[in-house]
Amino acid sequence: MTTLIASVRRLDTRAPRRVLGSIVVLFGAALLGLQALDGFTQALSPEAIRAFEGGMLGALATALGALPVLVTRRIPERVSDALLGFGAGVMLAATAFSLIIPALSAAGDLGHTKWGAGALVSTAVIGGVLAMLWLDRAWPHAHFDAAGQSTRGRSPGRLFLFVIAIVLHNIPEGMAVGVAAGAHAPGASGLAMGIAIQDIPEGLVVALALVGAGVGRGKAAVVGMASGLVEPAAALVAALAVGTFGSLLPWGLALAGGAMLFAVSHEVIPESHRNGHETDATLGLALGFCLMMVMDTALV
């Protein structure tokens, strides 16, 4: 099995320069992007801007997480599975405290009884799960662990399918951030920060999986960085929809919650248990859940 970074392979002398250069490029691209978006955001509502900024925070965290791939090829499977479990815990807590509970409250504010609010939110949660299931089946995709292993081969076509899987995984995260921001949810800031925290190890796992599947380190880092860009797009669309149709608020929150539940159950937890490190993954899940719960209740 793989060991820690220091014992995996001898680092080449260009690695520090690669990391420094990538950080400079990333920082410069962020500044240029902010300047280019200045005029665009003037036409958006404050809620939409908050949603877009929350999505960009997740995209930046994903990019930062992908950078270490320039100096190492692998991380221990046990660590990788614990990180995936941590991400699953964050997403589960975000689903409960930042989406489902606010959805029930919003449904009550619209005049629904407790039974009616429960039925509405349950219907929307199931709708979110079914929508993600449809996307999962409509877009064929492959799965890799941090070692780049796959039962479907390592051809360029399979790598493209893996990138599609990343996009599918990031859509509900962006939706959740966007709906919470568009709804003026008290925990919107905590949700965006929690998603960003779990995006850091996610970006690393994605980039390492690509390297293990035969992609060059530089290309893997670029793809890993770019994989988070779907989050601000999904966040902006979700915020605009909720802001335009106020009655959609409980539906939007619950749909995002259902999509997150699907991603956790169908993608993240199975991947974290694939290599037989269920205990590490479960401990990581518990830690991520508690951290997100505290952030959601403290950053109000």
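Numbering of residues starts from 1 in each chain and follows the order in which that chain's sequence is written. Since the coordinates come from a predicted model, pLDDT governs what is reported: local features require at least 70, and pairs of side-chain atoms require 80 or more to be given and counted, while whole-chain, interface and lining totals use all residues. Note: side-chain values were computed over all heavy atoms of the structure, leaving out hydrogens and water.

Peer 1: Hey, could you run me through the overall build of the protein chain in this one?
Peer 2: Each helix is a run of H or I in the DSSP string that is no shorter than four residues. Each strand is a run of E no shorter than two, and both are numbered from the N terminus. Counting its regular elements, the protein chain contains 11 helices and zero strands. For the exposure calls, accessible area comes from a 1.4 Å probe over protein chains only, and a residue counts as buried if that area is under 20% of its type's maximum, exposed if over 50%, partly exposed in between. Across the 300 residues that make up the protein chain, the buried fraction comes to 49%. Contacts are assigned to residue pairs that have any heavy atoms within 4.5 Å of one another. Long-range contacts, defined as pairs at least 24 residues apart, comprise 86% of the intrachain contacts of the protein chain with a sequence gap of at least 6. Method for areas: the Shrake-Rupley scheme with a 1.4 Å probe, in which residue coverage is limited to the protein chains shown. For the protein chain, the exposed surface amounts to about 13,900 Å²; the carbon and sulfur share of it is 70%.

Peer 1: What exactly am I supposed to notice about helix H4 (residues 77–109) here?
Peer 2: Residues that lie three or four places apart on an α-helix share one face, since the helix turns once every 3.6 residues. Multiply 1.5 Å by the residue count of a helix minus one, and that product is the helix's expected span. For H4, with 33 residues, the first-to-last C-alpha span of 47 Å sits near the 48 Å given by 1.5 Å per residue. Largest kink in H4: about 30°, centred on threonine 95. Taken from the residues just after H4, glycine 111 is the one with a positive phi, measuring 105°. Values of bend correspond, residue by residue, to the angle between axes fitted over the seven residues ending at that residue and the seven starting there.

Peer 1: When you look at the packing of helix H3 (residues 46–66) against helix H7 (residues 188–212) in this model, what are you seeing that I'm missing?
Peer 2: Viewed as axis vectors pointing N to C, H3 and H7 meet at an angle of 30°, and their least axial separation amounts to 6 Å. Classed by the angle they form, the pair H3 and H7 counts as roughly parallel. Between H3 and H7 the crossing geometry is right-handed. Residues Arg50, Gly54, Leu57, Gly58, Ala61, Thr62, Gly65 and Ala66 of H3 form the contact with H7, whose own contacting residues are Ala188, Ser189, Ala192, Met193, Ala196, Asp199, Ile200, Gly203, Leu204 and Ala207. Three classes are used: nonpolar for Ala, Val, Leu, Ile, Met, Phe, Trp, Tyr, Cys and Pro, charged for Asp, Glu, Lys and Arg, and polar for all others, with Gly counted as polar. Grouping the amino acids of the contact of H3 with H7 by side-chain chemistry returns 10 nonpolar, six polar and two charged. To obtain each axis, a line is fitted to C-alpha atoms, and for helices this fit is confined to the stretch in contact; angles are then taken between N-to-C directions over 0 to 180 degrees. Convention used here: angles under 35 degrees read as roughly parallel, angles over 145 as roughly antiparallel, angles from 65 to 115 as roughly perpendicular, and any remaining angle as oblique. Definitions for this section: a left-handed crossing has its near helix turned counterclockwise from the far helix by less than a right angle. A right-handed crossing has that turn clockwise.

Peer 1: I tried to follow the pattern of salt bridges on my own but got confused; where do I start?
Peer 2: When charged atoms on two side chains of opposite charge get close, those side chains can pair. Put simply, a salt bridge is a Lys or Arg side-chain nitrogen that is within 4 Å of an Asp or Glu carboxyl oxygen. Tallying each qualifying case throughout the model produces two salt bridges. Close ionic contact of aspartate 280 with arginine 78 constitutes a salt bridge, the shortest N to O distance being 2.7 Å. You can see aspartate 280 sitting in helix H11 (residues 278–298) and its partner arginine 78 sitting in helix H4, a full 202 residues away along the chain. Linking arginine 274 and glutamate 271 is a salt bridge whose minimum nitrogen-to-oxygen distance equals 2.8 Å. On the basis of relative accessible area, arginine 274 is assigned to the partly exposed category, the value being 47%. In this structure glutamate 271 comes out as buried when scored by relative accessible area, which is 11%.

Peer 1: Please explain the environment of leucine 248 as it appears in this structure.
Peer 2: Relative to the helices and strands, leucine 248 is located in the loop between helix H9 (230–244) and helix H10 (249–273). Put simply, leucine 248 and alanine 183 are 65 residues apart on the chain and 9.8 Å apart in space, counted from C-alpha to C-alpha.

Peer 1: Please explain the packing of aromatic side chains as it appears in this structure.
Peer 2: Centre-to-centre distance and the angle between the planes together describe a pair of aromatic rings. Side-chain rings of Phe, Tyr and Trp, where Trp is taken by its six-membered ring, are said to pair if the distance between their centres is within 6.5 Å; with planes under 30 degrees apart they count as stacked, over 60 as edge-to-face, and otherwise as tilted. Applying the stated criterion across every chain, the model contains one aromatic pair. Relative to phenylalanine 289, the ring of phenylalanine 97 lies with its centre 5.9 Å away and its plane at 65°, an arrangement referred to as edge-to-face. Of this pair, phenylalanine 97 sits in helix H4 while phenylalanine 289 sits in helix H11, and the two are 192 residues apart along the sequence. Note on phenylalanine 97: relative accessible area 26%, which makes it partly exposed. Taking the relative accessible area as the measure of exposure, phenylalanine 289 reaches 27% and is therefore partly exposed.

Peer 1: In this structure, what is going on with a nonpolar patch on the surface? I would like to understand it.
Peer 2: By definition, no residue in a patch forms a salt bridge, and every one has over 30% relative accessible area; like charges are joined within 9 Å, nonpolar side chains (Val, Leu, Ile, Met, Phe, Trp, Tyr) within 5 Å. Taken together, the side chains of Phe245, Leu248, Trp251 and Leu255 define a hydrophobic patch exposed on the protein surface, amounting to about 350 Å² of accessible area. Topologically, tryptophan 251 is positioned in helix H10.

Peer 1: For this particular structure, what's the right way to read the side chain of serine 272?
Peer 2: Locating serine 272 in the fold gives a position in helix H10. According to the relative accessible area criterion, serine 272 is buried, its value standing at 2%. In terms of polar contacts, serine 272 uses its side chain to reach the backbone carbonyl oxygen of isoleucine 269, at 2.7 Å. Contact partners of serine 272, with chain neighbours within four places excluded, come to Asp81, Leu84, Gly85, His277 and Ala281. Pairs of N or O atoms are called polar contacts if they sit within 3.5 Å, as long as, within protein, a hydrogen donor faces a hydrogen acceptor (for residues adjacent in sequence, only side-chain-to-side-chain pairs).

Peer 1: Looking at this structure, how should I read the nonpolar core?
Peer 2: For soluble globular proteins, nonpolar side chains are generally found buried alongside one another. Put simply, a nonpolar core is a bunch of buried Ala, Val, Leu, Ile, Met, Phe, Trp, Tyr and Cys residues held in one set by side-chain atoms that sit within 4.5 Å of each other. Formed by 41 residues in total, the largest nonpolar core has its most connected members in Val121, Leu191 and Met260. Elements represented by at least two residues in this core include exactly H4, helix H5 (114–138), helix H6 (156–182), H7, H9 and H10. If one sorts the elements of this core by residue count, H4 sits on top with 11 residues. Setting aside its immediate chain neighbours within four residues, methionine 260 contacts Met91, Ala94, Thr95, Leu99, Pro172, Glu173, Ala176 and Ile195. Val69, Leu208, Val215 and Met225 belong to the second-largest nonpolar core, a separate cluster that totals 16 residues.

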